[in-house]
Amino acid sequence: YCYEIWGGEEISYREAGCPSGTTVVSAELFYNTPARLKFIKKDSTEAGYVQTVVRRAALARPDISFKFIRDGEELLHTPGDNSLMSAMYCVYGTKYVAGMEKVSASYEGIQVSGYVSKPTYSQGNRSKQEFFVNSRPIRSGTITAALESAYKNRIMTGRFPACVLHIEIPPVLL
(Lines give C-alpha, C1' and ligand atoms only; values in the text may rest on other atoms or scores of the structure.)
Protein backbone atom coordinates (compact mmCIF):
# COMPACT_ATOMS: atom_id res chain seq x y z
CA TYR A 1 0.00 0.00 0.00
CA CYS A 2 0.98 3.62 -0.47
CA TYR A 3 -0.24 5.99 2.22
CA GLU A 4 0.43 9.66 1.59
CA ILE A 5 -0.13 12.43 4.15
CA TRP A 6 0.52 16.14 3.61
CA GLY A 7 0.04 18.68 6.41
CA GLY A 8 -1.92 16.20 8.52
CA GLU A 9 -4.39 15.57 5.70
CA GLU A 10 -4.72 12.18 4.04
CA ILE A 11 -3.87 12.60 0.36
CA SER A 12 -4.13 9.00 -0.78
CA TYR A 13 -4.29 5.43 0.43
CA ARG A 14 -4.03 2.87 -2.33
CA GLU A 15 -2.57 -0.47 -3.29
CA ALA A 16 0.92 -0.29 -4.76
CA GLY A 17 3.06 -2.94 -6.41
CA CYS A 18 6.51 -3.08 -4.86
CA PRO A 19 9.00 -5.54 -3.34
CA SER A 20 8.49 -6.88 0.17
CA GLY A 21 9.41 -4.58 3.02
CA THR A 22 8.58 -1.13 4.25
CA THR A 23 9.90 2.13 2.90
CA VAL A 24 9.44 5.31 4.91
CA VAL A 25 10.18 8.64 3.25
CA SER A 26 9.92 11.84 5.29
CA ALA A 27 10.45 15.28 3.78
CA GLU A 28 9.74 18.87 4.79
CA LEU A 29 8.59 17.83 8.26
CA PHE A 30 8.28 21.39 9.55
CA TYR A 31 7.13 23.18 6.39
CA ASN A 32 3.93 24.48 7.99
CA THR A 33 5.09 25.02 11.56
CA PRO A 34 7.10 28.26 11.60
CA ALA A 35 7.14 28.38 15.42
CA ARG A 36 9.29 25.23 15.41
CA LEU A 37 11.45 26.46 12.56
CA LYS A 38 13.53 28.69 14.84
CA PHE A 39 14.61 25.62 16.84
CA ILE A 40 15.81 23.71 13.79
CA LYS A 41 19.56 23.64 13.35
CA LYS A 42 21.49 23.50 10.08
CA ASP A 43 20.46 20.79 7.62
CA SER A 44 23.74 18.95 8.18
CA THR A 45 23.21 18.93 11.96
CA GLU A 46 19.64 17.68 11.70
CA ALA A 47 20.71 15.03 9.17
CA GLY A 48 23.38 13.90 11.64
CA TYR A 49 20.70 13.40 14.30
CA VAL A 50 18.61 11.33 11.90
CA GLN A 51 21.66 9.31 10.85
CA THR A 52 22.37 8.53 14.52
CA VAL A 53 18.84 7.19 14.95
CA VAL A 54 19.13 5.04 11.80
CA ARG A 55 22.59 3.80 12.86
CA ARG A 56 21.27 2.72 16.28
CA ALA A 57 18.23 1.08 14.71
CA ALA A 58 20.51 -0.86 12.33
CA LEU A 59 22.65 -2.10 15.24
CA ALA A 60 19.57 -2.92 17.31
CA ARG A 61 17.95 -4.95 14.54
CA PRO A 62 20.56 -6.57 12.27
CA ASP A 63 17.77 -8.73 10.84
CA ILE A 64 16.30 -5.67 9.07
CA SER A 65 17.97 -3.92 6.14
CA PHE A 66 18.34 -0.17 6.65
CA LYS A 67 19.26 2.37 4.01
CA PHE A 68 19.94 6.05 4.75
CA ILE A 69 20.08 8.39 1.78
CA ARG A 70 20.74 12.10 2.17
CA ASP A 71 20.69 14.49 -0.76
CA GLY A 72 20.86 11.55 -3.17
CA GLU A 73 23.94 10.04 -1.49
CA GLU A 74 23.70 6.67 0.22
CA LEU A 75 25.40 7.11 3.61
CA LEU A 76 24.41 3.79 5.19
CA HIS A 77 23.05 0.50 3.89
CA THR A 78 22.93 -2.66 5.99
CA PRO A 79 22.19 -6.08 4.48
CA GLY A 80 19.57 -7.26 6.99
CA ASP A 81 21.19 -10.69 7.11
CA ASN A 82 20.74 -11.06 10.91
CA SER A 83 24.49 -10.69 11.45
CA LEU A 84 25.47 -8.09 14.03
CA MET A 85 29.00 -8.17 12.59
CA SER A 86 27.66 -7.18 9.14
CA ALA A 87 25.64 -4.33 10.63
CA MET A 88 28.68 -3.09 12.59
CA TYR A 89 30.78 -3.24 9.44
CA CYS A 90 28.25 -1.10 7.54
CA VAL A 91 27.88 1.40 10.38
CA TYR A 92 31.49 1.76 11.55
CA GLY A 93 33.74 0.20 8.91
CA THR A 94 36.56 -2.33 8.60
CA LYS A 95 38.93 -0.96 11.24
CA TYR A 96 36.22 -0.99 13.91
CA VAL A 97 35.15 -4.56 13.13
CA ALA A 98 38.76 -5.79 13.11
CA GLY A 99 39.19 -4.54 16.67
CA MET A 100 36.19 -6.40 18.11
CA GLU A 101 35.76 -9.70 19.94
CA LYS A 102 32.50 -11.63 20.25
CA VAL A 103 31.08 -12.07 23.77
CA SER A 104 28.13 -13.97 25.17
CA ALA A 105 26.92 -14.76 28.69
CA SER A 106 23.72 -15.49 30.56
CA TYR A 107 22.69 -15.35 34.19
CA GLU A 108 19.26 -16.04 35.73
CA GLY A 109 17.40 -15.55 32.45
CA ILE A 110 19.30 -12.42 31.41
CA GLN A 111 21.40 -12.82 28.27
CA VAL A 112 24.19 -10.53 27.11
CA SER A 113 25.68 -10.91 23.65
CA GLY A 114 27.51 -8.80 21.13
CA TYR A 115 30.99 -7.47 20.60
CA VAL A 116 33.53 -5.60 22.71
CA SER A 117 36.79 -4.06 21.61
CA LYS A 118 40.16 -5.62 22.15
CA PRO A 119 42.19 -3.67 24.72
CA THR A 120 44.46 -2.46 21.91
CA TYR A 121 41.49 -0.83 20.15
CA SER A 122 40.33 1.92 22.49
CA GLN A 123 38.64 5.23 21.76
CA GLY A 124 39.16 8.79 22.96
CA ASN A 125 35.45 9.01 23.90
CA ARG A 126 32.41 6.82 24.54
CA SER A 127 30.71 7.48 21.20
CA LYS A 128 31.20 3.89 20.02
CA GLN A 129 29.62 2.27 23.06
CA GLU A 130 26.17 1.01 22.09
CA PHE A 131 23.87 -0.79 24.52
CA PHE A 132 20.49 -2.32 23.68
CA VAL A 133 17.96 -3.79 26.10
CA ASN A 134 15.41 -5.99 24.33
CA SER A 135 16.44 -4.37 21.02
CA ARG A 136 15.98 -0.81 22.29
CA PRO A 137 18.94 1.57 22.47
CA ILE A 138 19.72 2.82 25.96
CA ARG A 139 22.25 4.96 27.78
CA SER A 140 23.18 3.65 31.21
CA GLY A 141 25.84 4.94 33.54
CA THR A 142 25.75 1.65 35.43
CA ILE A 143 26.37 -0.48 32.34
CA THR A 144 29.03 1.94 31.09
CA ALA A 145 30.80 1.78 34.47
CA ALA A 146 30.65 -2.04 34.44
CA LEU A 147 32.16 -2.16 30.95
CA GLU A 148 34.95 0.25 31.84
CA SER A 149 35.61 -1.62 35.08
CA ALA A 150 36.21 -4.79 33.06
CA TYR A 151 38.90 -2.91 31.12
CA LYS A 152 40.55 -1.36 34.18
CA ASN A 153 44.36 -1.73 33.97
CA ARG A 154 44.03 -2.97 30.37
CA ILE A 155 43.67 0.36 28.58
CA MET A 156 45.22 3.77 29.20
CA THR A 157 43.54 6.37 31.36
CA GLY A 158 41.38 8.64 29.24
CA ARG A 159 40.70 5.91 26.67
CA PHE A 160 37.45 3.96 26.43
CA PRO A 161 36.40 0.54 25.13
CA ALA A 162 34.02 0.25 22.19
CA CYS A 163 31.11 -2.18 22.20
CA VAL A 164 27.79 -3.20 20.74
CA LEU A 165 26.04 -5.18 23.44
CA HIS A 166 22.55 -6.65 23.35
CA ILE A 167 20.97 -7.40 26.72
CA GLU A 168 17.86 -9.54 26.68
CA ILE A 169 15.76 -9.38 29.82
CA PRO A 170 12.52 -11.34 30.22
CA PRO A 171 9.66 -8.82 30.39
CA VAL A 172 8.54 -10.17 33.77
CA LEU A 173 11.84 -8.93 35.25
CA LEU A 174 11.42 -5.37 33.98
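As the structure is a computational prediction, the values presented were derived from the model and not from experiment.

**With respect to the sheet that holds strand β5 (residues 100-107)**
Then step 1. The strand order across the open sheet built from five strands is β5-β6-β11-β8-β9, with neighbouring strands paired in mixed fashion. With partners counted over all chains shown, the strands left at the sheet margins are β5 and β9 (136-138), one partner each. Each strand of the sheet is rotated relative to its neighbour by a mean of 20°, with strand direction disregarded.
Then step 2. Note: strand β6 (residues 110-117) against strand β11 (residues 163-168), six bridges, orientation antiparallel. Residue pairing in the sheet places Y115 in a bridge with V164 of β11.
Then step 3. Sheet contacts for helix α2 (residues 43-60): β8 (129-133), β9 and β11; angle to β8, the most-contacted strand, approximately 60°.
Then step 4. Sheet strands touched by helix α3 (residues 84-92): β5, β6, β8 and β11. Its angle to β6, the strand with the most contacts, is close to 40°.

**Topic: the pattern of salt bridges**
Then step 1. Summed over the entire model, instances satisfying the criterion amount to six salt bridges.
Then step 2. R61 serves as the salt-bridge partner of D63, at 2.7 Å between the closest nitrogen and oxygen.
Then step 3. Classification of R61 by relative accessible area gives partly exposed; the value is 34%.
Then step 4. Between E101 and K118 there is a salt bridge; the shortest N-O distance is 3.8 Å. Here K118 lies in the loop between β6 and β7 (122-123) and E101 lies in strand β5, a separation of 17 residues in the sequence.
Then step 5. Because the salt bridges share partners, they merge into one network encompassing R55, R56 and E130.

**A few points about the nonpolar core**
Then step 1. Counting 20 residues, the largest nonpolar core has L59, L84, M88, V91, Y96, M100 and V164 as its most contacted members.
Then step 2. Sorting the residues of this core by element identifies α2, α3 and α4 (94-98) as the ones contributing at least two each.
Then step 3. With five residues, α3 is the largest single contributor of residues to this core.
Then step 4. In contact with M100, not counting residues within four places along its chain, are M88, Y115, V116, S117, K118, A162, C163 and V164.
Then step 5. Residues V116, Y151, C163 and L165 belong to the second largest nonpolar core, which totals seven residues.

**Here's the deal with the packing of α2 against α3**
Then step 1. As a packed pair, α2 and α3 sit with axes 9 Å apart at the nearest point and diverge in direction by 160°. If you check the angle between α2 and α3, you find them roughly antiparallel. Between α2 and α3 lies a crossing of left-handed hand. Every residue of α3 that contacts α2 at R55, A58 and L59 is listed here: L84, A87, M88, V91 and Y92.
Then step 2. Of the residues belonging to the contact of α2 with α3, the class tally is seven nonpolar, no polar and one charged.

**Examining the environment of Y1**
Then step 1. When you line up the elements, Y1 lands in the segment before β1 (2-6).
Then step 2. Residue class for Y1 comes out exposed when judged on its relative accessible area of 62%.
Then step 3. Between the C-alpha atoms of Y1 and T22, which are 21 residues apart in sequence, the distance is 9.6 Å.
Then step 4. Residue contacts for Y1: discarding those within four places in its chain leaves Y13, R14, E15 and A16.

How each quantity is defined
- Residues numbered from 1 in each chain as written.
- Predicted model: local features only at pLDDT ≥ 70, side-chain atom pairs only at ≥ 80, totals over all residues.
- Heavy atoms only, no water.
- Pairing = 2+ DSSP bridges.
- Helix = DSSP H or I, 4+ residues; strand = E, 2+ residues; numbered from the N terminus.
- Axes fitted to C-alpha atoms, helices over the stretch in contact; angles between N-to-C directions.
- Contact = heavy atoms within 4.5 Å.
- Salt bridge = Lys/Arg side-chain N within 4 Å of Asp/Glu carboxyl O.
- Buried < 20%, exposed > 50% of the residue type's maximum accessible area, 1.4 Å probe, protein only.
- Core = buried A, V, L, I, M, F, W, Y, C linked by side-chain atoms within 4.5 Å.
- Parallel < 35°, antiparallel > 145°, perpendicular 65-115°, else oblique.
- Left-handed = near helix turned anticlockwise from the far one by under 90°.
- Nonpolar A, V, L, I, M, F, W, Y, C, P; charged D, E, K, R; others polar.

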